[in-house]
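# Summary of structural features
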Amino acid sequence: MHSNLFNCLVFNKIMSRILWNPSDERKNSTLITDFINKLPKNFESYFDLHKWSIDNLEDFWSEFWKFSGIKYSKTYDSVLSNPVMPGAKWFIGSELNYAQNLLSGNPEQVAIISTGENRKDQSFTFKDLNTAVSKAQTGLENLGVQKGSRVAAFVPNCIESIILMLATSASGAIWTSCSPDFGSQGVIDRFGQVEPSILIVSNGYSYNGKIFPLDDKINGVIENIASIQNIICIDFVDISCNLNHNSVISYEDLLANDSVSPNFIQVPFDHPLYIMYSSGTTGPPKSIVHGTGGTLIQHLKEHQLQCDIQAGKDKLFWFTTCGWMMWNWLVSALASGATIVLYDGSPSYPNLGHLWNMVDRNKITHFGTSPKFLSACSNIGLFPKDISDLSSLKSVLSTGSPLVSEQYDWVYNNVNSDIQLSSISGGTDIIGCFLGGSPILPVYRGEIQCAQLGMDVQAWNELGEYIIGESGELVCKKPFPSMPLKFWNDNNNKKYHTAYFEDFSNVWTHGDYVEITDNGGAIISGRSDTTLNPGGVRIGTAEIYRSVENIPEIGDAIVIGRPNEGDVEVVLFVKLNKGNKLDIILKDHIKVLIRSKNTPRHVPKYILEVKDIPYTISGKKVEKAVLSAILGEKIRNKDALANPDSLKEYSNFKF
């Protein structure tokens, strides 16, 4: 075991090291620089611009409305009324259509490249997309879909899913979706709350080289949601599908009409667009309703000003499913004139180089991924730049969990040394980001670059005091356009208020534990509701993950705080890479490393080996479910988990 004395001495210095700084030429060519140059005043830095954007919310958002080129039929009478949370109203009087904004790109430009396991790349121009959406809209309207209808989709990440979503929103109807790896009960728990009239499904899907039929799951959903009147089936894989319903229509038959142009129904800014769902691992999933205008303008801002996605130039890929908000975020990039790349299947099939080869093949400029994928690549010694031409990349983006410092090093050493690495943080609750990147700022090792424009993000201690350089609750002091409109079937907004405004009145409390750094960046320490409190000292779980997940012997890890005699014991579970053993030497190495990078309070009392780490389907670790398993409590909504059987092992541990 190597001594960690050197690591201990220089850790803080290394953490703040600049890994990338955009050149003046690159800064000057960005959309954010163009935006700044069009403003009526000068700004010294990004942080000056950010301060102006939160001190002058109405001016900022109205200026960006003009800059982004939003398509609308009626302009707004006022930008913001009742500027408190909850209750703020944005762009009052305006009318627009979400699908119209996404379908307004250059007709001859490729809008979507769709691919997946054992699937050839298929390209669709904006002209192709408009035609298909028009036919799908007519087909849906013939089935009774109209403004305010709910259309639910249990589908893979494919071109047909996007066409049907755009057709739904073109009519002013509401879209909600789950990925096909959900269990039927997980789908029922979600769609059953919103009572859709249309259910869109696929006959199956592929993952890790295997084909999975879906008819049993779908029939379970049909039997338990009485509101479903019609089912649309996409033949995604080459298998038969037998559904127990008297109105099943194929995707091809739905589009079998002569319509050529979508009819974009104009709706108010706060008309419902999407119903999203919380992970549902600790109770029934919340049905979160997001508005048309708020979703659109927030995504336009993030794509154009924070990610520098430019019309006709950039191609955005994100590894996601239709059950995660990053799918909605990815699709919105069409409104910025980008080409988006869809992938359905396993990110590691047939090998971990597959997605990097896709970057090369399609000249992707913005590659969206997760720390889990980057860690998997690192653990097998993969050097992406040696197997693929990655010179097209402008940015690597990551979310799902905090990106650890060593992964910053790995990206710059093994992917591309001249790219913007953007760890972003937000979530389903806001269908966007509080924290993320800026193409005109440097990237510091281990840090998210900045708070997003128009987002008054701070770290607060338990007294509601603003703190810098130490971890606290992530709060947003002022309203923003992509706040949820409401929760579905939430009388008097009681659940909505409890979710975000119970801790601090009129201040959004997000549930993340964050440190704002002296550089103006941020370090996420994990969910505040899973914060560990040994001896009364608050510890974010991500602080421990940063220490252990780059130990070569460890493939993955999860940590919980086990209550014991009025205190909390830190318990670390590790999944070892093949050929390794959790012996006393490795345990001591883990403890020394955690102590040197953090504090003695972070050192686990127990380090235990497990075969698997439980994750939600959207790729998030579920510390609460592990704790429930250990304590012998009922684990709710297992269908929200990608690998629910993994929890059986945890319930057998004795302490």
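Nothing here was measured: the structure is a model prediction, and the numbers come from that model.

A few words on the overall build of the protein. A count of helical and extended segments in the protein gives 22 helices and 34 strands. Scaling as 2.2 N^0.38, a compact globule of 655 residues should have a C-alpha radius of gyration of about 26 Å, and the protein matches this with 24 Å. Judged by the C-alpha coordinates and their principal axes, the protein covers about 70 × 60 × 55 Å. Within the protein, buried positions represent 62% of all 655 residues.

Bringing the sheet that holds strand E23 (residues 425-427) into the picture now. With antiparallel pairing, the three strands of this open sheet are ordered in space as E23-E24-E26. Each of the sheet's edge strands pairs with one partner strand only, and the pair in question is E23 and strand E26 (450-451). In the sheet, E23 pairs with strand E24 (residues 432-436) via three bridges, with the strands oriented antiparallel. Bridge pairing in E24 places Gly 427 opposite Gly 432.

Bringing the pairing of strand E8 (residues 150-154) into the picture now. Consecutive side chains along a regular strand alternate between the two faces of the sheet. Among the five residues of E8, four are classified as buried, and the element is accordingly described as predominantly covered. Pairing geometry for E8 and strand E9 (residues 174-178), over five bridges, is parallel. In the sheet register, Ala 152 faces E9, and the bridge partner there is Thr 176. With respect to chirality, the unit in which E8 leads through helix H8 (residues 159-170) into the neighbouring parallel E9 is right-handed.

Further remarks concern the pattern of salt bridges. Scanning the model with the defined rule gives 15 salt bridges in all. In this structure, the salt-bridge partner of Lys 363 is Asp 389, at a minimum N-O distance of 4.0 Å. Here Lys 363 is found in the loop between helix H14 (354-362) and strand E20 (366-369), whereas its partner Asp 389 is found in the loop between helix H16 (384-387) and strand E21 (395-398), with 26 residues between them in sequence. On the basis of relative accessible area, Lys 363 is assigned to the partly exposed category, the value being 40%.

What follows deals with the environment of Leu 305. Within the secondary structure, Leu 305 sits in helix H12 (residues 292-306). For Leu 305 and Ile 32, which are 273 residues apart along the polypeptide, the C-alpha to C-alpha distance reads 4.7 Å. Look past the residues within four positions of Leu 305 in its chain and what remains in contact with it is Leu 31, Ile 32, Phe 35, Phe 60, Phe 64, Phe 67, Leu 300, Pro 439 and Leu 453.

What follows concerns the confidence of the model for the protein. Per-chain confidence: the protein averages 92 in pLDDT, with 96% of residues scoring 70 or above. Within the model, pLDDT remains below 50 along residues 1-14, and this stretch shows eleven contacts once partners closer than five positions in the same chain are excluded.

A cluster of acidic side chains, namely Asp 235, Asp 238, Glu 252 and Asp 253, defines a negative patch on the protein surface. Structurally, Asp 253 can be placed in helix H11 (residues 251-254).

Moving on: helix H19 (residues 541-548). Within H19, eight of the eight residues are buried, which leaves it mostly tucked inside the rest of the structure. Residues of H19 that are buried include every one of Thr 541, Ala 542, Glu 543, Ile 544, Tyr 545, Arg 546, Ser 547 and Val 548, and no others.

This model, assessed by the stated rule, comprises 42 aromatic pairs. Relative to Phe 60, the ring of Phe 35 lies with its centre 6.1 Å away and its plane at 90°, an arrangement referred to as edge-to-face. In this pair, Phe 35 sits in helix H3 (residues 31-38) while Phe 60 sits in helix H5 (residues 57-68), placing the two residues 25 residues apart along the sequence. Ring geometry for Phe 501 versus Trp 508: centroids 5.9 Å apart, planes at 90°, classification edge-to-face. Residue Phe 501 is classed as buried on the basis of its relative accessible area of 2%. Using a relative accessible area of 0% as the deciding quantity, one classes Trp 508 as buried.

It is worth spelling out the packing of H12 against helix H13 (residues 325-332) at this point. Interhelical geometry of H12 versus H13 gives an angle of 70° and a closest axis separation of 9 Å. Overall, the two elements H12 and H13 adopt an arrangement that is roughly perpendicular. For the pair formed by H12 and H13, the contact residues are His 299, Glu 302 and His 303 on the first element and Asn 328, Trp 329 and Ser 332 on the second. Tallied by class, the residues present in the contact of H12 with H13 amount to one nonpolar, four polar and one charged.

With nine of its ten residues buried, helix H17 (residues 405-414) lies for the most part within the structure. Buried residues of H17: Ser 405, Glu 406, Gln 407, Tyr 408, Asp 409, Trp 410, Val 411, Tyr 412 and Asn 414, and no others.

The biggest cluster of nonpolar side chains holds 95 residues, and the ones touching the most others in it are Ile 112, Leu 129, Leu 166, Trp 175, Ile 200 and Leu 334. The element best represented in this core is H8, accounting for eight residues. Core analysis: the second largest hydrophobic core is formed by 38 residues, Ile 544, Tyr 615, Ile 635 and Leu 641 among them.

What follows is about the side chain of His 245. For His 245, the location among the structural elements is in the loop between strand E13 (230-234) and strand E14 (248-250). A polar side-chain atom of His 245 sits 3.1 Å from the main-chain amide nitrogen of Ser 247.

What counts and what doesn't
- Residues numbered from 1 in each chain as written.
- Predicted model: local features only at pLDDT ≥ 70, side-chain atom pairs only at ≥ 80, totals over all residues.
- Heavy atoms only, no water.
- Helix = DSSP H or I, 4+ residues; strand = E, 2+ residues; numbered from the N terminus.
- Rg over C-alpha atoms; globule rule 2.2 N^0.38 Å.
- Buried < 20%, exposed > 50% of the residue type's maximum accessible area, 1.4 Å probe, protein only.
- Pairing = 2+ DSSP bridges.
- Right-handed = clockwise from strand over helix to strand, strands pointing away.
- Salt bridge = Lys/Arg side-chain N within 4 Å of Asp/Glu carboxyl O.
- Contact = heavy atoms within 4.5 Å.
- pLDDT = per-residue confidence, 0-100.
- Patch = residues over 30% accessible without salt bridge, like charges linked within 9 Å, V, L, I, M, F, W, Y side chains within 5 Å.
- Areas by Shrake-Rupley, 256 points an atom, 1.4 Å probe, with all protein chains shown as cover.
- Lys, Arg positive; Asp, Glu negative; His and termini not counted.
- Charge placed at Lys NZ, Arg CZ, Asp CG, Glu CD.
- Phe/Tyr/Trp six-rings, centres within 6.5 Å; stacked < 30°, edge-to-face > 60°.
- Axes fitted to C-alpha atoms, helices over the stretch in contact; angles between N-to-C directions.
- Parallel < 35°, antiparallel > 145°, perpendicular 65-115°, else oblique.
- Nonpolar A, V, L, I, M, F, W, Y, C, P; charged D, E, K, R; others polar.
- Core = buried A, V, L, I, M, F, W, Y, C linked by side-chain atoms within 4.5 Å.
- Polar contact = N/O pair within 3.5 Å; in protein donor to acceptor, adjacent residues only side chain to side chain.

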